[in-house]
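One-letter residues, chain by chain:
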Amino acid sequence: QVQLVESGGGLVQPGGSLRLSCKASGIIFSINSMGWYRQAPGKLRELVARITGGGSINYADSVKGRFTISRDNAKNTVYLQMNSLKAEDTAVYYCNSNSPFGKTDWGQGTQVTVSS
């Protein structure tokens with residue numbers, strides 16, 4: 001059974017930082033492409049950042065230079081370091097896993113709220 005468990009969300013002031021974690025189980029983590037998506041109220045879910053099993057990374061333009069995705073294959077965990085947070089970063093953040101065999105899994109989401 002696949003489980004993706006996110007943690008690290010919360011309330012932060014504009015300009016602040018948060019670090020999200022997603023611990024995976026039930027998958028061959030090292031070969032899976034791992035991503036972070038977010039969904040704000042009334043908006044579609046959008047890709048924030050993705051890192052492949054080989055370490056290739058891409059970011060949404062809106063977070064380039066502020067967010068950093070990384071993975072620790074020994075811990076089956078993917079991270080999202082978020083700096084210089086803005087109000088528009090407020091959303092539920094979801095961890096996503098894509099296997100080379102076409103299987104996709106999602107975490108339950110963690111709320112990030114940027115507000116003064």
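Quick note: structure is the one above.
Treat the numbers as computed from the prediction; the structure is a model and nothing was measured.

## Some details on the overall build of the protein chain
Part 1 of the argument: Of regular secondary structure, the protein chain possesses 0 helices and 11 strands.
Part 2 of the argument: In sequence order, the secondary structure elements of the protein chain are arranged as β-β-β-β-β-β-β-β-β-β-β.
Part 3 of the argument: Taking 2.2 N^0.38 as the reference for a compact globule, 116 residues should give roughly 13 Å; the C-alpha atoms of the protein chain span a radius of gyration of 13 Å, in line with that estimate.
Part 4 of the argument: In terms of overall dimensions, the protein chain has C-alpha extents of about 40 × 25 × 25 Å along its principal axes.

## Some words on the packing of aromatic side chains
Part 1 of the argument: Taken as a whole and judged by the stated rule, the model has 1 aromatic pair.
Part 2 of the argument: Taking the centre distance of 5.0 Å and the plane angle of 70 degrees together, the rings of Tyr37 and Trp106 count as edge-to-face. Note that Tyr37 is positioned in strand 4 (residues 33-39) and Trp106 in strand 10 (residues 104-106), a separation of 69 residues in sequence.
Part 3 of the argument: Directly above the aromatic system of Trp106 lies the positively charged group of Arg45, at a separation of 4.6 Å from the ring centroid.
Part 4 of the argument: A cation over a ring is seen here: Arg71 above Phe29, with NZ or CZ 4.6 Å from the ring centre.

## A word on the pattern of salt bridges
Part 1 of the argument: Inspection of every chain in the model, using the stated rule, returns 5 salt bridges.
Part 2 of the argument: For Arg38, the salt bridge identified is with Glu46, shortest N-O distance 2.7 Å.
Part 3 of the argument: Here Asp61 makes a salt bridge to Lys64, at a shortest N to O gap of 3.1 Å.
Part 4 of the argument: Within the structure, one salt-bridge network assembled from shared partners comprises Arg38, Glu46, Arg66 and Asp89.

## Details of the nonpolar core
Part 1 of the argument: Counting residues in each nonpolar core, the largest one holds 27 residues, and the members touching the most others are Trp36, Val78, Leu80, Met82 and Tyr93.
Part 2 of the argument: Of all the secondary-structure elements, those providing two or more residues to this core are strand 3 (18-25), strand 4, strand 5 (46-51), strand 7 (67-72), strand 8 (77-82), strand 9 (91-98) and strand 11 (110-114).
Part 3 of the argument: The leading source of residues in this core is strand 3, at 4 residues.
Part 4 of the argument: Beyond its immediate sequence surroundings of up to four residues, Met82 is in contact with Gly16, Ser17, Leu18, Leu20, Arg66, Phe67, Tyr93 and Val112.

## Section: the environment of Ala40
Part 1 of the argument: Of note, Ala40 is situated in the loop between strand 4 and strand 5.
Part 2 of the argument: A C-alpha to C-alpha distance of 15 Å links Ala40 and Gln108, two positions 68 residues apart in sequence.

## Remarks on the sheet that holds strand 8
Part 1 of the argument: Read across the sheet, 4 strands follow the order 1-3-8-7 without closing on themselves; strand pairing throughout is antiparallel. In this open sheet, the two edge strands, each paired with only one partner strand, are strand 1 (3-7) and strand 7. Within the sheet, the average angular offset between the axes of one strand and its neighbour, ignoring direction, is 15 degrees.
Part 2 of the argument: The sheet contact formed by strand 3 and strand 8 spans 6 bridges and is antiparallel. Residue pairing in the sheet places Leu20 in a bridge with Leu80 of strand 8.

Rules of the game
- Residues numbered from 1 in each chain as written.
- Predicted model: local features only at pLDDT ≥ 70, side-chain atom pairs only at ≥ 80, totals over all residues.
- Heavy atoms only, no water.
- Helix = DSSP H or I, 4+ residues; strand = E, 2+ residues; numbered from the N terminus.
- Rg over C-alpha atoms; globule rule 2.2 N^0.38 Å.
- Phe/Tyr/Trp six-rings, centres within 6.5 Å; stacked < 30°, edge-to-face > 60°.
- Lys NZ or Arg CZ within 6 Å of the ring centre and 35° of its normal.
- Salt bridge = Lys/Arg side-chain N within 4 Å of Asp/Glu carboxyl O.
- Core = buried A, V, L, I, M, F, W, Y, C linked by side-chain atoms within 4.5 Å.
- Buried < 20%, exposed > 50% of the residue type's maximum accessible area, 1.4 Å probe, protein only.
- Contact = heavy atoms within 4.5 Å.
- Pairing = 2+ DSSP bridges.
- Axes fitted to C-alpha atoms, helices over the stretch in contact; angles between N-to-C directions.

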